[in-house]
2 protein chains.
Amino acid sequence: MSKERFWILITYDVNVEEKEGRRRLRQVAKTCERYGQRVQKSVFELEVDALLFERLHVTLRDKIDEQKDSLRIYRLGVNKDRNIWHYGINNSIDFNAPMIL
Amino acid sequence: MSKERFWILITYDVNVEEKEGRRRLRQVAKTCERYGQRVQKSVFELEVDALLFERLHVTLRDKIDEQKDSLRIYRLGVNKDRNIWHYGINNSIDFNAPMIL
């Protein structure tokens, strides 16, 4: 399997009307945070290789309720920056910055 | 300017704590709906040419409050379908279908 890394975007709508939905939302966010960068409330950018890419499909699909939630995964390519424009406040976190504990 | 059409993705977080924010949210959604397809609550896919692409940057930037909201535009390329995976409920509307009035 290719070791080449590429960027993906994950967007989701989780139905949080019920407590169980809020739990799912936390689970999805937690998985995305583990491997990528939150850029908006329900939008994450992740740099992955083919193996992680496959795993994320399975893991995230397992965490949502397919009758109530929506999850989309976009493959952005190897160089993402020239294809993204951002306006307004920036929610992104620099994961390379030292953590304040 | 090139007439070639390509796909873009627009994602936004609008701060709706105040009434003015809810108005901005409606305005952003309305503009996106005019040219594209809503796929999640705050995620739209639009097929544009270079001119519309430039216009959308200006129009949407004008509608958000850059101190409070976040707007991201992703260029997806000419063929989007092979780079998108969807799980769960489908919010998208078929704009080519006859409208029920």
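The coordinates are above.
Within any chain, residue numbers begin from 1 and follow the written order of that chain's sequence. Both sets of labels track the order of writing: A upward for chains, 1 upward for ligands. In keeping with the predicted nature of the model, local features appear solely for residues at pLDDT of at least 70, side-chain atom pairs appear and are counted solely at 80 or more, and the whole-chain, interface and lining totals rest on all residues. Excluded from the side-chain calculations are hydrogens and water; all other atoms, namely the structure's heavy atoms, are used.

Student: Provide a residue-level description of the packing of helix α1 (residues 19-35) of chain A against helix α2 (residues 50-63) of chain A, including the pertinent values.
Tutor: Residue and element names in this part refer to chain A. All axes here are fitted lines through C-alpha atoms, helices being fitted over the stretch that makes contact, and every angle between N-to-C directions spans 0 to 180 degrees. Under the scheme used here, helices are H or I runs from DSSP no shorter than 4 residues and strands are E runs no shorter than 2 residues, and both carry numbers assigned from the N terminus. Axis separation between α1 and α2 bottoms out at 9 Å; the angle between their running directions is 165°. When the interaxial angle is binned, α1 and α2 end up roughly antiparallel. Where α1 crosses over α2, the two elements pack in a sense that is right-handed. Packed against α1, whose contacting residues are R24, Q27, V28, T31, C32 and Y35, the element α2 presents L52, L56, T59, L60 and K63 at the interface. Here the residues of the contact of α1 with α2 sort into 6 nonpolar, 3 polar and 2 charged. The scheme is simple: roughly parallel for angles under 35 degrees, roughly antiparallel for over 145, roughly perpendicular for 65 to 115, oblique for anything else. Here a crossing is taken to be left-handed if its near helix is turned anticlockwise relative to the far helix by less than a right angle, and right-handed if that turn runs clockwise. We call two residues contacting when some pair of their heavy atoms lies within 4.5 Å. Polar here means any residue other than Ala, Val, Leu, Ile, Met, Phe, Trp, Tyr, Cys and Pro, which are nonpolar, and Asp, Glu, Lys and Arg, which are charged; Gly is therefore polar.

Student: Got a sec to walk through the packing of aromatic side chains? Specific residues and values, please.
Tutor: Between 30 and 60 degrees the pair is tilted, below 30 it is stacked and above 60 it is edge-to-face, where a pair is any two Phe, Tyr or Trp rings, Trp via its six-membered ring, whose centres lie within 6.5 Å. Under the definition given, this model contains 6 aromatic pairs over all chains. Their ring planes at 75° and their centres at 5.2 Å tell us that F6 of chain A and F53 of chain A sit as a pair that is edge-to-face. In this pair, F6 of chain A is assigned in strand β1 (residues 6-13) and F53 of chain A in helix α2, connecting sequence segments 47 residues apart. Here F6 of chain A matches F53 of chain A in class, with each residue buried. Plain terms: the ring middles of W85 of chain A and F53 of chain B are 5.1 Å apart, the flat faces sit at 80° to each other, and that makes the pair edge-to-face. Placement of the pair is W85 of chain A in strand β5 (residues 84-88) and F53 of chain B in helix α2 (residues 50-63), with the two residues belonging to separate chains. Only protein chains enter the accessibility calculation, which uses a 1.4 Å probe. A residue is then buried if its area is under 20% of the maximum for its type, exposed if over 50%, and partly exposed in between. On the accessibility criterion, W85 of chain A (24% relative accessible area) is partly exposed. Grouping aromatic residues by their ring pairs yields a cluster made of F6 and F53 of chain A together with W85 of chain B.

Student: Kindly report on the interface of chain A and chain B, identifying the contributing residues and their values.
Tutor: Contacts between the two partners involve 33 residues from chain A and, on the opposite side, 33 residues from chain B. The term buried area refers to how much accessible surface (probe radius 1.4 Å) is lost by two components on association, counted for both of them together. Across the chain A to chain B interface the summed buried area is about 3200 Å²; carbon plus sulfur atoms make up 51%. The three residues of chain A that bury the most area against chain B are R72, W85 and Y87 of chain A, which together make up 24% of that side's buried surface. One speaks of a salt bridge when a side-chain nitrogen belonging to Lys or Arg is within 4 Å of a carboxyl oxygen belonging to Asp or Glu. Inspection of the chain A/chain B interface yields 2 salt bridges. Nitrogen and oxygen atoms within 3.5 Å of one another constitute a polar contact, given that in protein one can donate a hydrogen and the other can accept it, and given that sequence-neighbouring residues count only through two side-chain atoms. On inspection of chain A and its partner chain B, the count reaches 26 residue pairs in polar contact (both at pLDDT 80 or more).

Student: Describe in detail the sheet that holds strand β4 (residues 70-77) of chain A, supporting the description with residues and values.
Tutor: An order of β2(A)-β3(A)-β1(A)-β4(A)-β5(B) is seen for the 5 strands of this open sheet, with the pairing classed as antiparallel. Each end of this open sheet is capped by a strand with a single partner; those strands are β2 (36-40) of chain A together with β5 (84-88) of chain B. With strand direction ignored, the average angle separating the axes of adjacent strands in the sheet is 20°. Should DSSP find at least two bridges between two strands, the strands are regarded as paired. Bridge analysis of β1 of chain A against strand β3 (residues 43-48) of chain A gives 6 bridges, and the strand direction is antiparallel. Note that in β3 of chain A the partner of L9 of chain A across the bridge is E45 of chain A.

Student: Would you mind going over the sheet that holds strand β4 (residues 70-77) of chain B in detail, with residue names and values included?
Tutor: Sheet strands associate in pairs through backbone hydrogen bonding, adopting either a parallel or an antiparallel arrangement. Spatially, β5(A)-β4(B)-β1(B)-β3(B)-β2(B) is the arrangement adopted by the 5 strands of the open sheet, whose pairing is antiparallel. Either end of the sheet is taken by a strand with one partner, and the two such strands are β5 of chain A together with β2 (36-40) of chain B. Across the sheet, the mean angle separating the axes of adjacent strands is 20° when strand polarity is ignored. Pairing between β5 of chain A and β4 of chain B: 5 bridges, direction antiparallel.

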